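Here is how the chains run, residue by residue.
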Amino acid sequence: MASISVVYSCGHSGVEDRTDIKSESIDNWIIWVKANKMCRPCFFAGIKAKLTREATEQARLLGLPSLHGSDKQISWALQVRLKILNGPPPIREGSKDYDPNVNITARDVLPMQEEVLTEIRNNSSSKWWIEQKDKTLEQLVLEKLKDVMAKMTENKRDFGGSVPPPDEGPAVEEQEPDEGGADGKSPF
Ligand SMILES: [Zn+2]
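The rules we used
- Residues numbered from 1 in each chain as written.
- Predicted model: local features only at pLDDT ≥ 70, side-chain atom pairs only at ≥ 80, totals over all residues.
- Axes fitted to C-alpha atoms, helices over the stretch in contact; angles between N-to-C directions.
- Helix = DSSP H or I, 4+ residues; strand = E, 2+ residues; numbered from the N terminus.
- Parallel < 35°, antiparallel > 145°, perpendicular 65-115°, else oblique.
- Left-handed = near helix turned anticlockwise from the far one by under 90°.
- Contact = placed C-beta atoms within 7 Å.
- Nonpolar A, V, L, I, M, F, W, Y, C, P; charged D, E, K, R; others polar.
- pLDDT = per-residue confidence, 0-100.
- Buried ≥ 20, exposed ≤ 12 C-beta atoms within 10 Å, placed from the backbone.
- Pairing = 2+ DSSP bridges.
- Core = buried A, V, L, I, M, F, W, Y, C linked by C-beta atoms within 7 Å.

### Examining the packing of helix 2 (residues 40-61) against helix 3 (residues 71-86)
Okay, so step 1: At their nearest, the axes of helix 2 and helix 3 sit 9 Å apart, and the two run at 50° to each other. When the axes of helix 2 and helix 3 are compared, the pair comes out oblique. Like other packed secondary-structure pairs, helix 2 and helix 3 cross with a definite hand, here left-handed. Contacts between helix 2 and helix 3 involve K48, L51, T52, A55, T56, Q58 and A59 from the former and S75, L78, Q79 and L82 from the latter.
Okay, so step 2: A breakdown of the residues in the contact of helix 2 with helix 3 according to their chemical character gives five nonpolar, five polar and one charged.

Have a look at this one:
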């Protein structure tokens, strides 16, 4: 058991407990540490800085804006933003009717989704991204589309959508054709 005082490659000093080094090798090991080994805080800060550099570069390639906030917030938000934007948006070309109840199709919603996606991508607040960290892109887009969808639903109801106003609701059941009428021929 040996507690050995060392100076790390980063310049910080510390104490290492080593039981596996023969006493005649200690001096060589101390020299090796000074040349090659960082203290733990510097080691982890180095990893974090590397991740931040990589995320910054990816963001640049994706054309995303620079983030605002403290250094700590920014490095966290960079990771969160990439993770979220990596997910698929909820509505995709060729999706079947998005909400058949109100006859809103994917085609109707896609342009709105584009706007919402642009708004999300352009958000440069680190704080905002960190607050969204547990959400998927799908959830974020749907949250923002909710108001738009509600308006579209209203419009579809007002202008000939497939869903009757609530007060006409029961009429649907009464419209079922009776026997003989199902094939389109008059039973009479
Ligand atoms: Zn250090």
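### Comments concerning the confidence of the model for the protein chain
Okay, so step 1: Averaged over the protein chain, the pLDDT score is 82; the fraction of residues at 70 or greater is 76%.
Okay, so step 2: Mean pLDDT across the elements of the protein chain bottoms out in helix 7 (residues 171-174) (48) and peaks in helix 5 (residues 126-131) (98).
Okay, so step 3: Counted against residues more than four places away or in other chains, residues 168-177, with its pLDDT under 50, gives four contacts.

### Re the pairing of strand 2 (residues 13-18)
Okay, so step 1: Burial runs low along strand 2: only zero of the six residues are buried.
Okay, so step 2: When strand 1 (residues 2-7) meets strand 2, the two strands line up antiparallel, connected through six bridges. Within strand 2, the residue paired with A2 across the bridge is R18.
Okay, so step 3: Hairpin connection from strand 1 to strand 2: five residues lie between these consecutive antiparallel strands, with G11 at a positive phi of about 100°.

### A look at the nonpolar core
Okay, so step 1: By size, the foremost hydrophobic cluster in this structure holds 14 residues, and its most contacted members are A77, L78, V80, V141 and L145.
Okay, so step 2: Elements with a minimum of two residues in this core: helix 3, helix 4 (106-121) and helix 6 (137-158).
Okay, so step 3: No other element matches helix 3, which puts five residues into this core.
Okay, so step 4: Setting aside chain neighbours within four positions, we find V80 in contact with W129, I130, Q132 and K133.

### Regarding the environment of T19
Okay, so step 1: Looking at the element boundaries, T19 is found in the loop between strand 2 and helix 1 (26-36).
Okay, so step 2: Here T19 falls in the exposed class, since 6 other C-beta atoms lie within 10 Å of it.
Okay, so step 3: As for T19 and S3, which are separated by 16 residues in sequence, their C-alpha atoms are 8.6 Å apart.

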